[in-house]
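One-letter residues, chain by chain:
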Amino acid sequence: MKYELVAGFETHVELATNTKIFCSCTTEFGGEPNTHCCPICIGLPGTLPKLNKKVVEYAIRAGLATNCHIAEISKMDRKNYCYPDLPKAYQISQYDKPLCEHGYIQLSNGRKIRILRIHIEEDAGKLVHRRGDTLVDYNRGGVPLIEIVTEPDFRSVDEAREYVEKLQTIMRYIGVSDCKMQEGSMRCDVNISVRPEGSDVLGTRTEIKNMNSIAFIAKAMEYEYGRQVDLIESGEKVIQETLRYDDVSNTTSSMRGKEDANDYRYFRDPDLVTINVPRSLVEEIKESLPELPEAKKERYINELGLPESDALLLTKYRKIAEYYEKAIEGTKNPKTAANFIIGQIFRTVETESEKEQFNVSVSAENLNELIKLLDDGKIKMNLAKSTLEKMLETGGKATELIDESDMGGLDEATLNDLCKQAVDSNPKAVSDYLAGKEKAVKAMVGFVMKNSRGKADPALAEQTIIKMITG
Amino acid sequence: MVTKEEIMKIAILSKLFVADDEIDKLTEDMGEIILFADTINNAADEGSDFDNINNLSNVLREDEVVPSLEREKILQNAKDSDNGCFLVKNIMK
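Being a predicted model, the structure only gives us computed values, none of them experimental.

Considerations on the overall build of chain A
Move 1: Helix and strand counts for chain A stand at 16 helices and 17 strands.
Move 2: The principal-axis extents of the C-alpha atoms in chain A amount to approximately 90 × 55 × 45 Å.
Move 3: Counted over contacts in chain A with a minimum sequence separation of 6, partners at least 24 positions apart contribute 68%.

Now the structure itself:
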């Protein structure tokens, strides 16, 4: 029998506010243990939490960018559980009145992943387990999070991967989070079940907690799918439980026994008042949203005529899209700029954060100038490419790096002269070509390009050389 | 009714020291407190909005950093600490 995978996601995204959700301590990552703490975020009795305005705004931004309805009235609730990462023995979260509900993210295969809700809550502290005891650092305690919960709409690992990437891109675009999975500012829990293909009844699900890399998520889902199918095939049952994924052994293992099934005893936090969200605020935030990656990609394809693969690469990071748009301002061929960026400039950025920042040595203005020289026919493509290499090395401007004499390409006499030299000094290439090896002409074209310092038009040089040999 | 054993258990859970001669009095007091709390069961609650009894909304803070408390003060009431961290008994088996 064939089995279908059914999965849903809960994603925690750390918001990029300056301060924590209920107190004015910094949210900065790292820092000596317990130095970003105050009586509120270590849960001392008698302290009063006060909600950070930015947290509400950022959550609404996230909701609008994922097509959610924004609640008019929202509130905070206490989720009770006893664990040392929570100094108050409860986490302040949202239960029945989340800020955002009923959104979706559309995947490239046309399927919509429905978003059930987005709520705000506080992060827990960090625990370091040693033999016999546990060290607790509350710097992260109280850092604002949004939790984005989807319906069980995923049917494949590929869909899950695309969803996480899209979510990450969107959250970065709208500036609510850096979504650095390796630093834990974006973490995913995945609910997984399997069912016979064609069935519309959901199977028993398991939940894999706290995964912080897209590769792990994919591997964990594949493993868990296989495990559940094996259980069912061998006549056993899947037990509803919380699992941990171990990336070294590529297996999942049970985190909590069944006996302590969760009862969080949610109730309204009496220390925090109702959140009213005026429609005018929602409108204001909607106005302030940048063009989202999906819309940008469509525009690049439909209006600029870029191939989808280029559009995807250029819109994945907001800074790159902004750079590209600046580079093509007032130029004639948007594809040229795309080629320069993807083909040459991308080679100088490697890591995720370098792409995110996109501080490259050629400024968008300088690239723009180079493209305009091409547009105006002052330089040929080959010279433009080699000039771009120099610009990447030196950070200089095209007009400084290209000799005035090189502008306007090569005159006919010089080209003929160089072609003749090429033919004379490459007798082997000539005989090869005449013997039917068409590629041999390339060596001679290369000679012309080299000796004209990229100024010659390679197509014209090739024609001229062929004429000389055969003519 | 509240028993002496329950009071002693609560004291241990709350990490409170309770002297032997205080237990009877505390048991009695706690019993009365719980009886008092039970009166809420008789209250008519239809149509009342207990959710937002103070009618306040949107008490919000600007996102401006204020220096945190010194670590010595944060850790001052910790039962045990190590390397600037609170130290608790292992919770993982």
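The structure having been displayed, the exposition proceeds.
Quick look at the environment of lysine 79 of chain B
All names here are of chain B.
Move 1: By secondary structure assignment, the location of lysine 79 is in the loop between helix 3 (71–75) and strand 2 (81–82).
Move 2: Using a count of 9 C-beta atoms within 10 Å as the deciding quantity, one classes lysine 79 as exposed.
Move 3: Along the primary structure lysine 79 and methionine 8 are separated by 71 residues, whereas in three dimensions their C-alpha atoms are 20 Å apart.

Brief notes about the packing of helix 15 (residues 441–451) of chain A against helix 16 (residues 458–470) of chain A
All names here are of chain A.
Move 1: Where helix 15 meets helix 16, the closest approach of the two axes is 9 Å, and the angle between their N-to-C directions is 125 degrees. For the element pair helix 15 / helix 16, the angle class is oblique. For the element pair helix 15 and helix 16, the recorded crossing hand is right-handed. Here helix 15 contributes Val441, Met444, Val445, Val448 and Met449 to the contact with helix 16, which in turn contributes Pro458, Ala461, Glu462, Ile465 and Ile466.
Move 2: Tallied by class, residues from the contact of helix 15 with helix 16 come to nine nonpolar, no polar and one charged.

Some remarks on the interface of chain B and chain A
Interfaces are often sized by the accessible area lost when the parts come together.
Move 1: Listed by partner, the interface residues are 30 residues for chain B and 35 residues for chain A.
Move 2: Breaking the side of chain B that touches chain A down by element, the ones donating at least two residues are strand 1 (60–61), helix 3 and strand 3 (85–89) of chain B.
Move 3: Among the residues making up the side of chain B that touches chain A, the classes are represented as 14 nonpolar, eight polar and eight charged.
Move 4: In the sheet, strand 10 (residues 133–137) of chain A pairs with strand 3 of chain B via four bridges, with the strands oriented antiparallel. Across the sheet, valine 136 of chain A pairs through a bridge with phenylalanine 86 of chain B, a residue of strand 3 of chain B.

Brief notes about the sheet that holds strand 11 (residues 144–150) of chain A
All names here are of chain A.
Move 1: Spatially, 3-7-8-11-1-12-13-14-15 is the arrangement adopted by the nine strands of the open sheet, whose pairing is mixed. Sheet topology places strand 3 (69–70) and strand 15 (251–254) at the edges, where each strand pairs with a single neighbour.
Move 2: Those strands touched by helix 1 (residues 53–65) are strand 3, strand 7 (100–106), strand 8 (112–122) and strand 11, and its axis lies near 175 degrees from that of strand 8.
Move 3: Packing of helix 2 (residues 157–173) onto the sheet brings it into contact with strand 1 (3–14), strand 7, strand 8, strand 11 and strand 12 (186–196), and relative to strand 1 it is tilted by some 20 degrees.

Examining the packing of helix 13 (residues 412–425) of chain A against helix 16 of chain A
Residue and element names in this part refer to chain A.
Move 1: Following both chains from N to C, one finds helix 13 and helix 16 inclined at 55 degrees, their axes separated by 9 Å at the closest point. Accordingly, the angle class assigned to the pair helix 13 and helix 16 is oblique. As for the relative orientation of helix 13 and helix 16, their crossing is right-handed in sense. Contacts from Leu415, Asn416, Cys419, Lys420, Ala422 and Val423 of helix 13 reach helix 16 at Leu460, Ala461, Thr464, Ile465, Met468 and Ile469.
Move 2: Here the residues of the contact of helix 13 with helix 16 sort into nine nonpolar, two polar and one charged.

Definitions and limits used
- Residues numbered from 1 in each chain as written.
- Chains lettered and ligands numbered in written order.
- Predicted model: local features only at pLDDT ≥ 70, side-chain atom pairs only at ≥ 80, totals over all residues.
- Helix = DSSP H or I, 4+ residues; strand = E, 2+ residues; numbered from the N terminus.
- Contact = placed C-beta atoms within 7 Å.
- Buried ≥ 20, exposed ≤ 12 C-beta atoms within 10 Å, placed from the backbone.
- Axes fitted to C-alpha atoms, helices over the stretch in contact; angles between N-to-C directions.
- Parallel < 35°, antiparallel > 145°, perpendicular 65-115°, else oblique.
- Left-handed = near helix turned anticlockwise from the far one by under 90°.
- Nonpolar A, V, L, I, M, F, W, Y, C, P; charged D, E, K, R; others polar.
- Pairing = 2+ DSSP bridges.

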